[in-house]
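These are the residues of each chain, in order.
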Amino acid sequence: MSTSPDPRPLTGEPVSLDLLNTRWVHEGAARDLLADTEGLAVWLAGNGLDFPADDTTLRHTLEARDALRAAVDTPHGEAGRQGSRLPPPTAARVDAVLAHGRVRLTLTDQGPGWTPEFDDPAWGPAWLAARDYLELLQTAPDRIRRCAHEACVLHFFDTSRNGTRRWCSMAACGNRAKASRHYARTKES
């Protein structure tokens, strides 16, 4: 099955944040890549996930996206900042997705490894995204960011050397913010 090109403005983020970025704003209108199974097929292919793009997988993936959005956008746990705690109902939503899979540790000829196992393969993409979010929280919770542009809803993992990235894209949101500030300054003069 051939998939369409990915229409989103930001791709290539860790799978948990890439799942959040399946909703975006384009020319003032909300867009949703996961509105149907064709969009799911695009997202799965873009993340190298070999799962069926069917209605059941879509439903579970949307459940994970909603749980992750609640976790990332909760003021108490925003972007997993150090020392913050998620409210129990928010954490329970992510835990409910994680309950559908587990990690089986293995010893391979290359050394220690792990294999994900799911109670139903349709939960695979959802579970992998939720697990990835936990790994980001463990690695660098303060680097999980929402774009600083007020009209943008995209998230990214800040991999800049000093950890000061503010925009999902300097070419898009960063330049729009700079142009807006410049316009405000020249209007005042």
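Residues numbered from 1 in each chain as written. Predicted model: local features only at pLDDT ≥ 70, side-chain atom pairs only at ≥ 80, totals over all residues. Heavy atoms only, no water.

Visitor: I tried to follow helix α3 (residues 55–73) on my own but got confused; where do I start?
Guide: What sets the pattern is the α-helix's 3.6 residues per turn: residues three or four places apart point alike. The end-to-end C-alpha distance of α3 is 26 Å, a good match for the 27 Å that 19 residues give at a rise of 1.5 Å each. Along α3, the positions that sit buried rather than exposed are T57, L58, H60, T61, A64, R65, A67, L68, R69, A70, A71 and V72. (Helix = DSSP H or I, 4+ residues; strand = E, 2+ residues; numbered from the N terminus. Expected span 1.5 Å × (residues − 1). Buried < 20%, exposed > 50% of the residue type's maximum accessible area, 1.4 Å probe, protein only.)

Visitor: What is the right way to read unusual backbone geometry from this model?
Guide: Residues apart from glycine generally show negative phi values, whereas peptide bonds are mostly found in trans. With a phi angle near 50°, E27 is a residue other than glycine that sits in the positive phi range. If you trace the backbone, E27 turns up in the loop between β1 (23–26) and β2 (29–32). By relative accessible area, E27 is classed as exposed at 75%.

Visitor: Can you walk me through the packing of aromatic side chains in this structure?
Guide: How two aromatic rings sit relative to each other is given by the distance of their centres and the angle of their planes. The final tally for this structure, using the stated rule, is two aromatic pairs. A centroid spacing of 5.8 Å and a plane angle of 70° characterise the contact between F51 and F118, whose relative ring orientation is edge-to-face. In this pair, F51 is assigned in the loop between α2 (37–46) and α3 and F118 in strand β4 (residues 111–118), connecting sequence segments 67 residues apart. For F118, a relative accessible area of 23% puts it in the partly exposed group. Through a chain of ring-to-ring contacts, the aromatic side chains of F51, F118 and W127 assemble into a single cluster. The ring centre of W114 lies 4.8 Å from the NZ or CZ of R131, which sits over that ring. Against the face of F156 rests R165, its NZ or CZ located 3.9 Å from the ring centre. (Phe/Tyr/Trp six-rings, centres within 6.5 Å; stacked < 30°, edge-to-face > 60°. Lys NZ or Arg CZ within 6 Å of the ring centre and 35° of its normal.)

Visitor: Explanation requested: a negative patch on the surface in the structure shown.
Guide: Judged by side-chain charge, D54, D55, D119 and D120 come together as a negatively charged surface patch. In this structure D119 comes out as exposed when scored by relative accessible area, which is 55%. (Patch = residues over 30% accessible without salt bridge, like charges linked within 9 Å, V, L, I, M, F, W, Y side chains within 5 Å. Areas by Shrake-Rupley, 256 points an atom, 1.4 Å probe, with all protein chains shown as cover. Salt bridge = Lys/Arg side-chain N within 4 Å of Asp/Glu carboxyl O. Lys, Arg positive; Asp, Glu negative; His and termini not counted. Charge placed at Lys NZ, Arg CZ, Asp CG, Glu CD.)

Visitor: I keep staring at the packing of α2 against α3 and nothing clicks. Help me out?
Guide: For any two helices packed against each other, the geometry is given by the interaxial angle and the distance between the axes. Where α2 contacts α3, the axes come no closer than 10 Å and their chain directions differ by 70°. By the criterion of interaxial angle, the relationship of α2 to α3 is roughly perpendicular. Side by side, α2 and α3 meet where T37, L40 and W43 of the first sit next to D55, T57, L58 and T61 of the second. (Axes fitted to C-alpha atoms, helices over the stretch in contact; angles between N-to-C directions. Parallel < 35°, antiparallel > 145°, perpendicular 65-115°, else oblique. Contact = heavy atoms within 4.5 Å.)

Visitor: For this particular structure, what's the right way to read the pairing of β1?
Guide: On any regular strand, side chains alternate: one points to one face of the sheet, the next to the other face. In this structure, β1 lies alongside β2, joined through four bridges in antiparallel fashion. Looking at β2, one finds that R23 is bridged to D32. Taking the residues that link successive antiparallel strands as the turn, the β1-β2 hairpin has two residues, and the phi of E27 there is positive, at about 50°. (Pairing = 2+ DSSP bridges.)

Visitor: Hey, could you run me through the nonpolar core in this one?
Guide: Nonpolar side chains in soluble globular proteins tend to be buried together. Counting residues in each nonpolar core, the largest one holds 41 residues, and the members touching the most others are L19, W43, L49, L68, V94 and C168. Of all the secondary-structure elements, those providing two or more residues to this core are α1 (15–20), α2, α3, α4 (88–98), α5 (124–139) and β6 (155–157). No other element matches α5, which puts seven residues into this core. If we ignore the near neighbours within four places in the chain, the residues touching V94 are A67, L68, A71 and A130. (Core = buried A, V, L, I, M, F, W, Y, C linked by side-chain atoms within 4.5 Å.)

Visitor: Is there a simple way to explain the side chain of D158 in this structure?
Guide: When you line up the elements, D158 lands in the loop between β6 and α6 (170–188). Judged by its relative accessible area of 1%, D158 falls in the buried class. Of the polar contacts made by the side chain of D158, one reaches the side chain of S160; its length is 2.6 Å. Residues in contact with D158, not counting those within four places in the same chain, are R143, R145, G163, T164 and R165. (Polar contact = N/O pair within 3.5 Å; in protein donor to acceptor, adjacent residues only side chain to side chain.)

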